[in-house]
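Each chain, written out:
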Amino acid sequence: MSESQVNVRYMVSDVQESVDWYVGHLGFSPVGPASPAFAAVQRGPLRLLLSGTASSAGRPMPDGRKPEPGGWNRFQFIVEDIGPEVERLRARGVKFRNEIVTGPGGSQILAEDPSGNVVEIFQPAFVQTSA
Amino acid sequence: MKTTAMFALALALVAGGTGASAQSPGPGAPAPLRIRYMVNDVSAAVGFYTDKLGFKLVLQSGPYFAVLTRGDAQLLLSPVKGPGGASQPMPNGERPVPGGWNRMVLYVADLQGEVDRLRKQGVHFRNDIVNGLGGKEILLDDPSGNSVELFQPG
């Protein structure tokens, strides 16, 4: 088990469309070939597993419930300057659930991938001033 | 008290935040990857992740926020209501809630052994072990109904 990699699985409606979105908008790199059922993309320590309904992760539960995209749990995409980042993504047609919200720890906004999964874009409130 | 807590929170976020920026990776240890889960009760969630799944508590701001760590992952726990940015409703009034199917994947060497151990501790699983192309997996629920995947490659 490698601890230098963090694995997160998102359920998606269309695997290839999802790969294109994460690679094109958020700077992920494809890991291996995409199949209609599954693909993986990587950015820094994050390996994002994109599972479609035909993947093993898409199988229904014993009680009949089917895994689906959406919800509110997410990974954070950390940026130094959230305003321009949001403008850049809006100009590319990326949809957001809300406007920038500022809390005690920093500013954040929720972007949606093509399946309606959320990605949190986050700017820490306090910036380190020395290396 | 409140100011002190906020300051501690800010320090923790700086420590985690600037290092994780792709634009300025900075020197030293690799950046943590941060995952946020919405929870109904921060303390109950902290207890679950530390007792059952081997996370360590980095920081807790009462009922409003907690940061846990496991390997290179940081898990942020945010309540459905509170002062934090993640606890605020959307412009259309919709509130962030726990649940859903997107999840962190925890690699284990012996999936069956882990499942047996956790079942004995009363942990609820959504399904039984599923064999996929890349390995075996199962989904458990945290106390708020968020899913965590245990995965054994091979």
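Shown above is the structure to which this text applies.
Below is a short write-up of the structure. These numbers come from a predicted model, not from an experiment.

Criteria and cut-off values
Sequence order sets the numbering: in each chain, residues are counted from 1 along the sequence as written. To read the labels, note that chains go from A and ligands from 1, taken in the order they are written. Local features in this predicted model are restricted to residues whose pLDDT is 70 or higher, and side-chain atom pairs enter the listing and the counts only when it is 80 or higher, whereas totals over whole chains, interfaces and linings include all residues. Remark: hydrogens and water are excluded; side-chain values derive from all non-hydrogen atoms of the structure. A run of H or I in DSSP becomes a helix once it reaches four residues, and a run of E becomes a strand once it reaches two; helices and strands are each numbered from the N terminus. The cut-offs for exposure are 20% and 50% of the maximum accessible area for each residue type, with area from a 1.4 Å probe on protein chains only; residues under the lower value are buried, those over the upper are exposed, and the others partly exposed. Whether two residues are in contact is decided by their heavy atoms, any of which lying within 4.5 Å being enough. Each accessible area is a Shrake-Rupley estimate made with a 1.4 Å probe; only the visible protein chains count as cover when residues are assessed. Summed over both partners, the accessible area lost on bringing two parts together, with a 1.4 Å probe, is the buried area. What counts as a salt bridge is simple: a side-chain nitrogen of Lys or Arg found within 4 Å of a carboxyl oxygen of Asp or Glu. To form a nonpolar core, buried Ala, Val, Leu, Ile, Met, Phe, Trp, Tyr and Cys residues must be joined to one another through side-chain atoms within 4.5 Å. Whether two strands pair depends on DSSP finding at least two bridges between them. Any pair of nitrogen or oxygen atoms within 3.5 Å is treated as a polar contact; in protein, a donor-acceptor pairing is required on top of that, and neighbouring residues in sequence qualify only through side-chain atoms on both sides. Multiply 1.5 Å by the residue count of a helix minus one, and that product is the helix's expected span.

Focus: the overall build of chain B
- When you go through chain B residue by residue, the secondary structure sums to three helices and nine strands.
- Each helix and strand of chain B, placed in order from N terminus to C terminus, yields the pattern α-β-α-β-β-β-β-α-β-β-β-β.
- Burial statistics for chain B: of 154 residues in total, 51% are counted as buried.
- Taking the intrachain contacts of chain B between residues at least 6 apart in sequence as the baseline, contacts between residues at least 24 apart amount to 47%.
- About 6,800 Å² of surface is accessible on chain B, with carbon and sulfur atoms providing 57% of the total.

Remarks on the interface of chain B and chain A
- Taken together, the contact between chain B and chain A spans 54 residues of the former and 46 residues of the latter.
- Here chain B meets chain A over a buried area of about 4,300 Å², counting both sides, of which 59% is carbon and sulfur.
- Its largest share of buried area at the contact with chain A, chain B owes to Arg36(B), Trp101(B) and Asn102(B), together 18% of the area lost on that side.
- Our count for the chain B to chain A interface comes out at three salt bridges.

Focus: the pattern of salt bridges
- Tallied over the full model, the rule gives 13 salt bridges over all chains.
- Where Arg74(A) meets Glu120(A), a salt bridge forms, and the shortest distance between an N and an O atom there is 2.8 Å. Within this pair, whereas Arg74(A) is found in strand β5 (residues 74-78), its partner Glu120(A) is found in strand β9 (residues 118-124), the two being separated by 46 residues in sequence. Both residues of the pair, Arg74(A) and Glu120(A), count as buried.
- Residues Arg126(B) and Asp141(B) are paired through a salt bridge, measuring 2.7 Å at the closest nitrogen-oxygen approach. Highlighted residues: Arg126(B) in the loop between β6 (124-125) and β7 (130-131) and Asp141(B) in strand β8 (residues 135-141), separated in sequence by 15 residues. Comparing Arg126(B) with Asp141(B) shows no difference in burial state: the two are buried.
- Via salt bridges that share partners, Arg9(A), Arg103(B), Glu137(B) and Glu149(B) belong to a single interconnected network.

Things to note about the nonpolar core
- In this structure, Tyr22(A), Phe75(A), Tyr49(B) and Leu77(B) are the most contacted members of the largest nonpolar core, which totals 55 residues.
- Residue contributions to this core peak at six residues, all from helix α2 (residues 42-53) of chain B.
- Each residue touching Tyr49(B), except ones within four places of it in the same chain, is listed here: Tyr37(B), Gly54(B), Phe55(B), Leu68(B), Leu75(B), Leu77(B), Met104(B), Asp142(B), Asn146(B) and Val148(B).

What about the pairing of β9(A)?
Residues and elements named next belong to chain A.
- Where burial is concerned, most of β9 is hidden: seven out of the seven residues are buried.
- Alternating positions in β9 separate into two faces, Val118, Glu120, Phe122 and Pro124 on one and Val119, Ile121 and Gln123 on the other, with burial throughout.
- Of the pairings in the sheet, the one linking β5 to β9 comprises three bridges and is parallel in character. Across the sheet, phenylalanine 77 pairs through a bridge with isoleucine 121, a residue of β9.

What to know about the side chain of Arg74(A)
- The exposure class assigned to Arg74(A) is buried, which follows from its relative accessible area of 2%.
- A polar contact is formed between the side chain of Arg74(A) and the backbone oxygen of Trp72(A), at a distance of 2.9 Å.
- Sequence-distant contacts of Arg74(A), that is, excluding residues within four places in its chain, are made with Tyr10(A), Gln108(A), Leu110(A), Val118(A), Glu120(A), Arg34(B), Ile35(B), Arg36(B), Met38(B) and Ala86(B).

A word on helix α1 (residues 15-26) of chain A
Residue and element names in this part refer to chain A.
- For α1, built from twelve residues, the straight-helix expectation of 16 Å at 1.5 Å per residue is met to within 8% by its first-to-last C-alpha distance of 16 Å.
- The set of residues buried in α1 consists of Val15, Ser18, Val19, Trp21, Tyr22, His25 and Leu26.
- Measuring from the backbone nitrogen of glutamine 16 back to the side-chain oxygen at the start of α1 gives 3.2 Å, which picks out aspartate 14 as the cap.
- Glycine 27 lies just past α1 and shows a positive phi near 75 degrees.

Some words on the pairing of strand β1 (residues 6-11) of chain A
- With six of its six residues buried, β1(A) lies for the most part within the structure.
- Of the two faces of β1(A), the one carrying Val6(A), Val8(A) and Tyr10(A) and the one carrying Asn7(A), Arg9(A) and Met11(A) are both buried.
- Of the pairings in the sheet, the one linking β1(A) to strand β4 (residues 46-51) of chain A comprises six bridges and is parallel in character. Looking at the pairing, Asn7(A) lines up with Arg47(A) of β4(A).
- With three bridges connecting them, β1(A) and strand β5 (residues 103-107) of chain B associate as antiparallel partners. Its bridge partner lying in β5(B), Asn7(A) is registered against Val105(B).

Fair warning: the whole summary comes from geometry, so function is off the table for now.
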